[in-house]
Structure formats: C-alpha cells, structure tokens
Amino acid sequence: MINDLTKNAHKGKIIQKRNFKEKIAMQLKFDFNNMMKETLGEKEGLDFQLFETHKDLLDLAYSKVMDNRGKGWQEWTNLPFYQQDVVKDILETVKRYQDYDNVVVFGIGGSALGTIAVANALLHLRHNELEKNVRKFPRLYVEDNVDPERMQALLDVIDVRKTVFNVITKSGTTSETLSQYMIIHNILKQKLNDDAKDNIIITTTKGKGTLYDIAVKEGYKVFDLGGGVGGRFSVLSPVGLVPLALVGIDINSLLEGAREMSEACFSPENSKNPALCTAFLQYMSMRKGKNISVMMPYADSLKFMSDFYCQIWGESLGKATDNNNNIVHVGQTPVKALGVTDQHSQIQLYTEGPFDKVVTFLEVEKYRSNVTIPTAGDYKETEFLQNKTLNELINYERKATEFALTKYKRANFTITLSEVNAHTVGELLQYFMYQTAYCGALLDINTYNQPGVEEGKQATFAMMGRKNYENKLDEINSLKKDVRYII
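Please read all numbers here as calculations on a predicted model, not as lab measurements.

What counts and what doesn't
Residues numbered from 1 in each chain as written. Predicted model: local features only at pLDDT ≥ 70, side-chain atom pairs only at ≥ 80, totals over all residues. Heavy atoms only, no water. Helix = DSSP H or I, 4+ residues; strand = E, 2+ residues; numbered from the N terminus. Rg over C-alpha atoms; globule rule 2.2 N^0.38 Å. Buried < 20%, exposed > 50% of the residue type's maximum accessible area, 1.4 Å probe, protein only. Contact = heavy atoms within 4.5 Å. Areas by Shrake-Rupley, 256 points an atom, 1.4 Å probe, with all protein chains shown as cover. Lys, Arg positive; Asp, Glu negative; His and termini not counted. Charge placed at Lys NZ, Arg CZ, Asp CG, Glu CD. Phe/Tyr/Trp six-rings, centres within 6.5 Å; stacked < 30°, edge-to-face > 60°. Disulfide = S-S within 2.5 Å. Pairing = 2+ DSSP bridges. Right-handed = clockwise from strand over helix to strand, strands pointing away. Polar contact = N/O pair within 3.5 Å; in protein donor to acceptor, adjacent residues only side chain to side chain. Salt bridge = Lys/Arg side-chain N within 4 Å of Asp/Glu carboxyl O. pLDDT = per-residue confidence, 0-100. Axes fitted to C-alpha atoms, helices over the stretch in contact; angles between N-to-C directions. Parallel < 35°, antiparallel > 145°, perpendicular 65-115°, else oblique. Left-handed = near helix turned anticlockwise from the far one by under 90°. Nonpolar A, V, L, I, M, F, W, Y, C, P; charged D, E, K, R; others polar.

As a further point, take the overall build of the chain. From N to C terminus, the chain includes 19 helices and 12 strands. Here the C-alpha radius of gyration of the chain, 24 Å, is about what a compact globule of 487 residues would show, namely 23 Å. The buried share among the 487 residues of the chain stands at 52%. Restricting to contacts in the chain with at least 6 residues of sequence separation, those with at least 24 account for 77%. Just so you have it, the chain exposes about 23,000 Å², and 50% of that area is on carbon and sulfur atoms. The averaged location of the 61 negative side-chain charges in the chain is 2 Å from the averaged location of its 59 positive side-chain charges.

Below you can see the structure in the form of structure tokens.
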C-alpha cells in the first residue's frame with residue numbers, strides 16, 4: 001500500500017496519494033515509504049521525482065515485458081490463464097495416488113524451490129509428522145540435492161512401493177535428476193517388476209531430452225513443462241502443480257491468485273503495477289550502490305519464499321553483458337533471512353554495517369493460529385508479556401526491526417499478505433516473477449538465460465565422462481597448476 005507517500009506536492013506525478021486496494025482487487029499490499037528520501041533523507045533515500053525523470057526508461061521496460069508476454073521465454077506469463085485442460089489432467093491423475101503414503105520430488109533449482117516454498121506455506125508446518133488420518137494426503141519429500149547420505153536417509157524412511165516419484169527436469173538431461181531417477185527406477189523394478197511404471201510421473205519438455213525418451217520407452221505418465229517456461233519461472237506449470245496437487249493443495253486457487261496479480265502487473269501505471277514500481281525502486285537502489293537484496297518473511301510458513309526469491313532474482317539478474325553485449329556485470333545479490341530468528345543473527349549488520357542493502361519484509365496480517373501467552377507466576381519482569389499473544393509479539397518484532405532499520409537510514413519496504421492461503425501465495429509468486437522481468441528489462445539484460453549455470457553443467461558432464469565433452473575436459477585440465485596454495 002502507498003501510505004501518503006506523495007502528499008500534495010507530488011500530485012499529478014506517476015504515483016499519487018492512493019491505496020492500491022481502491023484500484024485493484026489484490027490481497028497483497030505494498031508499502032515502500034522507507035525507501036524514499038522523505039523517510040531516509042537525501043543521501044540514502046530515493047527522490048519520488050525519479051519516476052518522472054526516468055519515465056522513458058519505465059515505459060520502455062514496460063513495453064519490453066508486455067510486448068513479449070506469452071512469447072519465447074515469457075510463456076510463463078500465460079500459465080495462470082491457459083491451463084484448464086492441464087489442471088483437469090493433473091487432478092484426474094492425482095486421484096490414483098490418494099492412498100499412497102509418500103510423494104517424492106526429484107528435481108533441482110527451479111524444479112524444486114517453488115514446490116518447497118508453496119508446500120511449506122500451505123501445508124501444516126509439521127505435515128509429514130502428522131498421522132495420516134489427520135493430514136489425509138501423502139507426506140512430501142523434495143529431494144533437491146545428490147548428497148549420498150540424503151538419498152540413503154530417504155530410502156530409510158519410505159516404502160518405495162507406496163510412494164509416487166515425480167521426476168522433473170526441463171532439459172531432460174540434468175545429471176543430478178537423472179542419477180536420482182536411475183537409482184529409484186532400479187529399486188522399483190526389483191520390488192514391483194512391470195508395475196514400477198505406476199509409481200513414477202515425469203515432468204519434462206515433451207519430445208526433447210533423455211528423460212522424455214526414457215518416459216516413452218517405460219510408459220510413464222508425462223506432463224509437459226512447455227518450451228518457453230524456464231525452470232525458475234515454472235512453479236505454476238506442472239513442475240509445481242503436480243506435486244502440490246498430490247499433497248492436497250488447491251492449485252486452482254493458486255492460479256486464481258496469480259491471475260489477479262498478473263492483471264495488476266499488466267497496468268502501465270506505476271500506481272497500479274506493484275511489480276513495475278518496486279522493480280524500478282530496486283533498480284535505482286542498485287545505482288546508489290545497494291547491491292544486496294534481503295528477503296525477510298515474518299512467518300515460518302513463508303520461510304522458503306526467500307529461497308524461491310533468491311533463485312529467481314539472482315539467476316535472472318546476475319549477468320556479465322547487456323543486450324548489446326557490453327560488459328556490465330550487473331545484479332543484486334539476494335540474501336535470505338527469517339524474522340524473528342535472524343534479528344538475533346543478521347540485523348546488527350543491516351543496521352550498522354554498509355549502506356548496501358534493501359530489506360524486504362513479508363508481513364502477515366492474520367495468522368492461521370492464535371496462541372496466548374499465559375501468566376507465569378509472580379514475576380514482574382514478565383508482566384509485559386502476560387495475556388498477550390505470539391501473534392502480537394511477532395508483528396511487533398517486525399515493526400521494531402523496521403523501526404531500527406529506518407532510524408539508521410537503511411532502505412526497507414514491506415509486502416503484507418492478508419493471510420497465508422493459496423490465493424495470496426499465488427499472488428506473491430506471480431509478483432516476484434513480474435518484478436524480476438521488469439527489473440531485467442530496466443537493466444537491459446537477458447533475464448532468462450543462465451550462461452554461468454550452463455558452464456558448470458557442461459564441466460560436470462565432462463568430468464563425469466560424458467561423450468562429446470572431451471574438449472571441455474581438456475579446458476578444465478588446462479587450468480590445473482603445478483603449485484597449489486593449499487593448507
């Protein structure tokens with residue numbers, strides 16, 4: 001929400017005094033007063049006039065995103081609108097697995113982080129520990145690493161015969177995911193023979209890649225990721241929708257929230273478009289040397305939204321060259337924090353360290369539980385807590401951190417969710433994606449490529465002995481030195 005930001009002096013500018021809720025039906029609110037010079041002062045704050053002086057840049061960034069909506073690598077923008085048949089297929093498929101004990105996702109990066117973030121937000125925080133008659137849906141395990149101890153630990157606690165494995169990779173060639181598949185396929189074959197195919201669902205790009213070829217040969221159920229949906233923008237595709245539906249999350253409400261946010265992000269007016277507005281504020285903050293973006297939710301349910309944000313912001317915006325091949329080395333380093341936990345580990349740095357950060361708070365107005373702090377004997381030191389609630393305490397903690405940062409002239413802004421539900425989470429995901437797209441357009445970079453990631457993938461292929469990567473192995477070996485500075 002914009003709270004009296006512009007006052008009378010700024011009437012007629014890009015953003016006037018108004019409440020987003022009066023204009024659009026979003027359930028998220030945005031307050032960026034604590035990024036502006038009226039609050040932080042001339043040195044650290046941003047001048048509202050920047051929206052006017054950079055109007056041409058804003059218009060160009062808006063056009064870049066809107067003109068390519070639904071095209072190329074921006075097919076993700078269509079996901080909230082055109083998946084009725086896909087959702088129907090997913091919900092029909094899910095019925096087959098209601099009696100299973102476990103859902104296991106094999107995927108990494110964008111094939112996992114969105115699912116983790118949404119599941120943590122919408123499932124009971126101890127979902128896997130609840131008795132089945134209480135949780136009513138399978139346990140969820142998202143295996144986004146190939147640590148051998150982790151794989152063994154998973155196999156120690158699940159019965160593979162009562163588990164559905166959702167194997168996800170856009171390219172169909174991801175080494176980590178293929179290795180996980182090969183291990184579980186071998187175990188399932190030993191235990192279930194030809195019925196093993198019923199315990200595996202594949203999500204990949206149809207017609208492309210090793211995993212798709214395997215799926216066709218083995219007869220697995222396949223969901224198509226879509227050629228123009230990159231991994232970090234794929235949570236609202238079958239990448240996220242399949243496993244989330246398997247554990248009972250309302251994927252229709254998730255998409256409905258994303259549609260609502262999308263419509264807000266279609267607006268060319270900053271006052272109605274939170275993604276364009278806040279992307280511009282982050283862009284201008286980068287120009288002032290604030291090259292670290294801290295995401296700090298004040299809700300355990302939103303803890304892993306920080307992980308989702310860190311990938312989409314870091315992988316999309318950290319680029320060496322711009323669209324004209326100029327060397328620019330741009331990007332804003334994302335950092336995850338959790339309120340209240342990290343008030344006791346990071347806030348000292350943020351309040352008194354370098355002026356190089358923007359802190360984004362995620363606030364929840366209404367928690368799904370209400371816990372009262374009881375009287376604890378005749379201890380005067382605890383009177384201020386007695387008969388208050390944890391709900392009050394955590395929100396006052398957030399406001400206290402906001403106060404401390406603002407007092408020390410540290411840029412921060414707040415996104416408020418009315419409550420954490422499928423609708424608001426869908427809004428938040430789509431906001432992060434559009435904010436990233438607009439910021440990439442402002443930076444004039446390719447938001448959707450990842451050459452740094454691909455370099456590491458190719459090096460892994462070479463060192464693991466994959467055919468046709470001999471030249472890359474030679475390049476790796478050429479970097480080895482006779483002298484190593486190792487202690």
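On we go from here.
A word on the packing of aromatic side chains. Two numbers describe a pair of aromatic rings. These are the distance of the centres and the angle of the planes. What the rule picks out here adds up to 20 aromatic pairs. Ring centres of F51 and F280 lie 4.9 Å apart, and the angle between their planes is 45 degrees; on these two criteria the pair is classed as tilted. Here the residue F51 occupies a position in helix α3 (residues 50–53), and F280 occupies one in helix α13 (residues 274–287), the gap between them amounting to 229 residues. You can call F280 buried: its relative accessible area is 1%.

Using the criterion set out here, one finds 0 disulfides in the structure. Free of any disulfide, C277 has its nearest cysteine sulfur in C265, 11 Å distant. Taking the relative accessible area as the measure of exposure, C277 reaches 1% and is therefore buried.

On to the pairing of strand β5 (residues 200–204). By the criterion of burial, β5 is predominantly enclosed, with 5 of the 5 residues buried. Here β5 shows a buried face lined by I200, I202 and T204 and a second buried face lined by I201 and T203. In terms of strand pairing, strand β4 (residues 163–168) meets β5 through 4 bridges, oriented parallel. Bridged to V167 within β5 is I202. Between β4 and its parallel partner β5, the chain crosses via helix α9 (residues 175–192), and the hand of that crossover is right-handed. Note: β5 against strand β6 (residues 221–224), 4 bridges, orientation parallel. The partner of I202 across the bridge, within β6, is V222. Chirality of the crossover, the property in question, places the unit of β5, helix α10 (residues 210–218) and β6 among those that are right-handed.

Let us look at the environment of K388. Considering the arrangement of structural elements, one finds K388 in the loop between β11 (357–366) and α16 (390–407). For K388, a relative accessible area of 39% corresponds to the partly exposed category. Sequence spacing of K388 and P374 is 14 residues, and the spatial spacing of their C-alpha atoms is 7.8 Å. Once residues lying within four places of it in the same chain are set aside, the contact partners of K388 are V371, T372 and I373. Side-chain polar atoms of K388 contact the backbone oxygen of F384, separated by 3.2 Å.

Applying the stated rule across the entire model yields 23 salt bridges. Close ionic contact of K37 with D47 constitutes a salt bridge, the shortest N to O distance being 3.3 Å. You can see K37 sitting in helix α2 (residues 37–44) and its partner D47 sitting in the loop between α2 and α3, a full 10 residues away along the chain. Of the residues examined, D47 reaches a relative accessible area of 29% and is grouped as partly exposed. Linking R232 and E315 is a salt bridge whose minimum nitrogen-to-oxygen distance equals 3.0 Å.

This part takes up the environment of I201. Structurally, I201 can be placed in strand β5. Judged by its relative accessible area of 0%, I201 is buried. Along the backbone, I201 and T278 are 77 residues apart, and their C-alpha atoms lie at a distance of 38 Å.

We now examine the confidence of the model for the chain. Scored by pLDDT, the chain has a mean of 92; 94% of the residues are at 70 or more. Considering only residues more than four positions removed or in separate chains, one finds that residues 1–24, a stretch of pLDDT under 50, has 57 contacts.

What follows covers the packing of helix α12 (residues 251–265) against helix α17 (residues 422–443). Closest axis-to-axis distance for the α12/α17 pair is 6 Å, and the angle between their directions is 40 degrees. Judged by the inter-axis angle, α12 sits oblique to α17. The hand of the α12/α17 crossing is right-handed. Facing α12, whose interface residues are S253, L254, E256, G257, A258, E260, M261, S262 and C265, α17 presents A422, H423, V425, G426, E427, Q430, Y431, Y434 and Y438. Taken together, the residues that form the contact of α12 with α17 break down as 9 nonpolar, 6 polar and 3 charged.

Turning next to the sheet that holds strand β3 (residues 139–143). Judged by pairing direction, the sheet is parallel, and its 5 strands sit side by side in the order β3-β2-β4-β5-β6 without closing on themselves. Since the sheet does not close on itself, it has two edges, and those belong to β3 and β6, each with one partner. Shown here is a sheet whose adjacent strand axes are inclined to one another by a mean of 20 degrees, direction ignored. Both strand β2 (residues 102–106) and β4 contribute to a ladder of 5 bridges, which runs parallel. Bridging across to β4, V105 finds its partner in N166. Relative to the sheet, α9 contacts β2, β3, β4 and β5, its axis offset from that of β4 by approximately 150 degrees.

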